[in-house]
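Working through the structure, step by step
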Amino acid sequence: MNNTILLDKRPVGTPQLSDFKFTEEKIPELKEGQILLETKYVSVDPYLRGRMNDAKSYVPPFELNKPIVSGIIAGVIESQNSNFSKGDFVSGMLAWKKQQVSHGKDLMKVSPEKAPLSAYLGILGMTGLTSYLGLTEIGKPKEGETLVVSGAAGAVGSVVGQIGKILGLRVIGIAGTDEKVSMLKSDFGFDEAINYKTTENISAAIAKASPGGVDVYFDNVGGDISDAVLFNINRFARMVICGAISVYNETSLPKSISVQPFLIKKSALMQGFIVGNYSDKFPAAIQKLSEWLKEGKLTYRETIVEGFDNIPGAFIDLFSGKNKGKMLVKI
Ligand SMILES: NC(=O)c1ccc[n+]([C@@H]2O[C@H](COP(=O)([O-])OP(=O)(O)OC[C@H]3O[C@@H](n4cnc5c(N)ncnc54)[C@H](OP(=O)(O)O)[C@@H]3O)[C@@H](O)[C@H]2O)c1
């Protein structure tokens, strides 16, 4: 029998363990063209929260009583498909199941010799691509400018800040614990970092950390933190709206300050970013990230939770900041 995790209820507010249901199913016999996969690493990501609502978005909502799907690294344990052999590893959007049958379409082979398997879900996967493409395509950073990153100690933010440093910017990170603040400076080379949970006036703290003002803001969180950044933007600032985790669990429309006067006064740009819109640039971006990793210019952190049963818990823990770097579950 095979273990599966289904969406049992649509979460209201912060997701609860009781929103998920564990079930067992029979593994079907392999047919011609199919492969049997065994899950190795599961990526849990904040955007999955949006798919748990019954609302239209850039990806369709999850269906109740159906398995959750996310980025997964799996091993091929049987193959009736000439493109895959037993022992191959693949990355793709797969179901939260211990084993599953696939046609192999939309799966990418990954090599454990080139990089640790987990890296293909982080720095060499969706979050690494988000960091690089969001910053370069919308942020358009220039040497000597100042970059502020929120959600700075997470998978996307920690890489954005490091890329900012590689490109010659002054980088200020905003994160939720003192330990994360020290890590940003010591492990990732940020110039300054701010703990948003213990800082009373975040806008003043940003002004102090970036005396020349903010040219690029990489926004992973939205809400009050992003409002505070707005007060510090320079003329022609670029704001990459990548994520808004601070509002994903809100049950009513949050009140925010009006951004228009800030944008007009500073001729600033604010643009939403979805990594999937840039798929033609993925190969070049992966090449660049791999080069920087090899040269030791870029590093990454992972928080790896063990055990299939702990997937929903790891997902929920994203909302209280339990992770440093990429949150993953190892099966
Ligand atoms: N648009 C795209 O294509 C795209 C792609 C990937 C990710 N994203 C978005 O980018 C953001 C970061 O994703 P990620 O995968 O790198 O996640 P992550 O940053 O590794 O994990 C989430 C982090 O968010 C912080 N957080 C949680 N609640 C918060 C709140 N109320 N206010 C401020 N910070 C809060 C926590 O850190 P603290 O301890 O600092 O609170 C937590 O560790 C998310 O918003 C995600 O949806 C967008």
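Structure report, in brief. (Residues numbered from 1 in each chain as written. Predicted model: local features only at pLDDT ≥ 70, side-chain atom pairs only at ≥ 80, totals over all residues. Heavy atoms only, no water.)

A word on the overall build of the chain
- Across its full length, the chain holds nine helices and 15 strands.
- Counting only C-alpha atoms, the chain reaches 65 × 45 × 35 Å along its principal axes.
- Taken as a whole, the chain presents about 15800 Å² of accessible surface, with 51% of it coming from carbon and sulfur.
- Of the side chains in the chain, 38 bear a positive and 35 a negative charge, and the two mean positions are spaced by 3 Å. (Helix = DSSP H or I, 4+ residues; strand = E, 2+ residues; numbered from the N terminus. Areas by Shrake-Rupley, 256 points an atom, 1.4 Å probe, with all protein chains shown as cover. Lys, Arg positive; Asp, Glu negative; His and termini not counted. Charge placed at Lys NZ, Arg CZ, Asp CG, Glu CD.)

With respect to helix α2 (residues 126-139)
- With 14 residues, α2 should cover 20 Å at 1.5 Å per step; its first-to-last C-alpha distance of 18 Å lies within 8% of that length.
- Across the 14 residues that make up α2, a large majority, 11, are buried.
- Buried within α2 are the following residues: Thr127, Gly128, Leu129, Thr130, Ser131, Tyr132, Leu133, Gly134, Leu135, Ile138 and Gly139.
- Directly beyond the C-terminal end of α2, a positive phi value near 40° is found at Lys140. (Expected span 1.5 Å × (residues − 1). Buried < 20%, exposed > 50% of the residue type's maximum accessible area, 1.4 Å probe, protein only.)

Some words on helix α4 (residues 178-186)
- If you check which residues of α4 are buried, you get Lys180, Val181, Met183 and Leu184. Axial view of α4: buried residues confined to an arc of 165°, hence all on one face. Turned more than 90 degrees away from the buried face of α4 sit Asp178, Glu179 and Ser186, all of them exposed.
- Buried-residue contacts for α4 involve β9 (170-175) and β10 (192-195). (Arc of directions from axis to C-beta. Contact = heavy atoms within 4.5 Å.)

Description of the packing of aromatic side chains
- Applying the stated criterion across every chain, the model contains seven aromatic pairs.
- Their ring planes at 20° and their centres at 5.2 Å tell us that Phe273 and Tyr278 sit as a pair that is stacked.
- In this structure Phe273 comes out as buried when scored by relative accessible area, which is 4%.
- Judged by relative accessible area, which is 14%, Tyr278 ranks as buried.
- Chaining the aromatic ring pairs together yields one cluster made of Phe20, Trp96, Phe315 and Phe319.
- The ring of Phe84 has Lys109 lying over it, and the distance from NZ or CZ to the ring centre is 5.5 Å. (Phe/Tyr/Trp six-rings, centres within 6.5 Å; stacked < 30°, edge-to-face > 60°. Lys NZ or Arg CZ within 6 Å of the ring centre and 35° of its normal.)

Focus: the pattern of salt bridges
- One pass over the full model with this rule turns up 16 salt bridges.
- Arg238 is the partner of Glu145 in a salt bridge, and the nearest nitrogen-oxygen pair spans 2.5 Å. Of the two residues, Glu145 is situated in the loop between α2 and β8 (146-150) and Arg238 in strand β12 (residues 233-241); the sequence distance between them amounts to 93 residues.
- Linked through salt bridges whose partners overlap, the residues forming this network are Asp8, Lys9 and Lys21. (Salt bridge = Lys/Arg side-chain N within 4 Å of Asp/Glu carboxyl O.)

Some remarks on the site of the ligand
- Close to the ligand lie 29 residues; Lys180, Tyr196, Tyr248, Phe273 and Asn323 are nearest.
- A distance of 2.5 Å is found between an oxygen atom of the ligand and a side-chain nitrogen or oxygen belonging to Tyr196.
- Measuring from a nitrogen atom of the ligand, one finds a backbone N or O atom of Phe273 at 2.7 Å.
- Considered on its own, the ligand offers 910 Å² of accessible surface; in the complex 92% of this is hidden by protein.
- Take the shell around the ligand: its biggest share by element is three residues, from α2.
- Residue composition of the shell around the ligand, by class: 18 nonpolar, 10 polar and one charged. (Near = heavy atom within 4 Å. Polar contact = N/O pair within 3.5 Å; in protein donor to acceptor, adjacent residues only side chain to side chain. Nonpolar A, V, L, I, M, F, W, Y, C, P; charged D, E, K, R; others polar.)

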